[in-house]
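What the coordinates show
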Amino acid sequence: MPAHGPGIDRKALWVVSELGLPTIVKACVSCRSTRHRPTGKIRVNANHKLLDVWLLICCDLCGRTSKIPVHERINVRALDNERLLRFENNDPAMVRRLTMDPALAHKAAYQLDWTGTWQLDTDMPFYDLQREDAAPLEVIVRFELPAPVRVENLLTAGFGLSRPAVRAMVGSGRIRLPLPIDAKAREDFTFLVVTAAPPPPARA
C-alpha cells in the first residue's frame, strides 16, 4: 500500500506520546520483587585502557541498587568521546535512551513493561468513521518512544470505536493498514481511511 493515498486531502496526526519510562522486569537478589526503575545514574569504571559502563537501577520494593551492563571491558578508544562524557555526566537523555533500549534488554536478559508509559494524542476533531460517506483520510502515526503498541489498540483509541467495529472496517477495506491489525508497532507508520464502496445495484 502506498504511504500516501491518491486524492486524499484530509490528514490527521496521531502521536504516541510519552508518559514515563518503562519498568525494568528482572529478579531482585534481595527480595521477591521483579520491578526496577532507573536511578538516573550511569557508572563508568576504568581499568587502564578498558572501561565498564553500567546503567544503575533500583528495586521498587526494597530499594537495592543493581547494575545493567552497557559496555564491558571495552577499549576507551572504541567509545566516542561525546558518548563517554554523557555516560560520566549521567546525562538524562542517555539514561532515558538506555532504559528504553529493547536491544539492551535482550542482551542483558530482562523484560521491559511499557504499561502506563504512553497515551495517544490526536490533532483532529471528531471523525465519524461509521458514516459511509465520510471523507477519505490519511492518518500519520508517530512514536515519541519505542513502546510496542498493538495496532488495534491505536485504532480503537483514535476513533473511539469498539474492537469489533474497527476489525470489521479493516476487513471490509475501509481502513487500509501497512501492517496486520494484531501487530505491535513501535515505529512511525501511515494508514488510510477510504470512503465505503457503494452497494451493488438491486437486480430487476
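Note that the structure is predicted; figures quoted are calculated from it, not measured.

Calculation criteria
Residues numbered from 1 in each chain as written. Predicted model: local features only at pLDDT ≥ 70, side-chain atom pairs only at ≥ 80, totals over all residues. Heavy atoms only, no water. Helix = DSSP H or I, 4+ residues; strand = E, 2+ residues; numbered from the N terminus. Buried < 20%, exposed > 50% of the residue type's maximum accessible area, 1.4 Å probe, protein only. Pairing = 2+ DSSP bridges. Axes fitted to C-alpha atoms, helices over the stretch in contact; angles between N-to-C directions. Disulfide = S-S within 2.5 Å. Phe/Tyr/Trp six-rings, centres within 6.5 Å; stacked < 30°, edge-to-face > 60°.

This paragraph deals with unusual backbone geometry. At Asn90, a position not held by glycine, the phi torsion is positive, near 55°. When you line up the elements, Asn90 lands in the loop between α1 (81–88) and α2 (92–99). Assessed through its relative accessible area of 25%, Asn90 is described here as partly exposed. Positive phi values are uncommon outside glycine, yet Ala109 reaches one of about 60°. Along the chain, the position of Ala109 falls in the loop between α3 (102–107) and β6 (111–113). For Ala109, a relative accessible area of 69% corresponds to the exposed category.

With that settled, consider the pairing of strand β5 (residues 65–75). When a strand is regular, its side chains alternate between the sheet's two faces. In this sheet, β5 lies alongside strand β4 (residues 50–59) in antiparallel orientation, the contact comprising 8 bridges. Bridge pairing in β5 places Val53 opposite His71. Hairpin connection from β4 to β5: 5 residues lie between these consecutive antiparallel strands, with Gly63 at a positive phi of about 85°.

Attention now moves to the sheet that holds β4. With antiparallel pairing, the 5 strands of this open sheet are ordered in space as β5-β4-β3-β2-β6. Each edge of the open sheet carries a strand with a single partner, namely β5 and β6. Strand-to-strand, the axes of this sheet are offset by a mean angle of 35°, without reference to chain direction. Here strand β2 (residues 23–25) runs beside strand β3 (residues 35–47); their pairing, made up of 2 bridges, is antiparallel. For Val25, the partnering residue across the bridge sits in β3 and is Arg35.

Attention shifts here to the state of the cysteines. Enumeration according to the criterion identifies 0 disulfides in this entry. Cys31 takes part in no disulfide bond, and the closest cysteine sulfur to it belongs to Cys59, at a distance of 3.6 Å. On the basis of relative accessible area, Cys31 is assigned to the partly exposed category, the value being 22%. Cys59 supplies the cysteine sulfur nearest to Cys58, a cysteine that is in no disulfide, at a spacing of 6.8 Å.

The next point concerns the packing of aromatic side chains. Scanning all chains against the criterion turns up 4 aromatic pairs. Centroid distance Phe159 to Phe191: 6.3 Å. Interplanar angle 80°. Geometry classified as edge-to-face. With Phe159 in helix α4 (residues 151–159) and Phe191 in strand β12 (residues 189–193), this residue pair connects regions lying 32 residues apart in the sequence. Classification of Phe159 by relative accessible area gives buried; the value is 7%. Taking relative accessible area as the criterion, Phe191 reaches 1% and is therefore assigned buried. Ring geometry for Phe189 against Phe191: centres 6.3 Å apart, planes inclined by 35°, an arrangement best described as tilted. According to the relative accessible area criterion, Phe189 is buried, its value standing at 11%.

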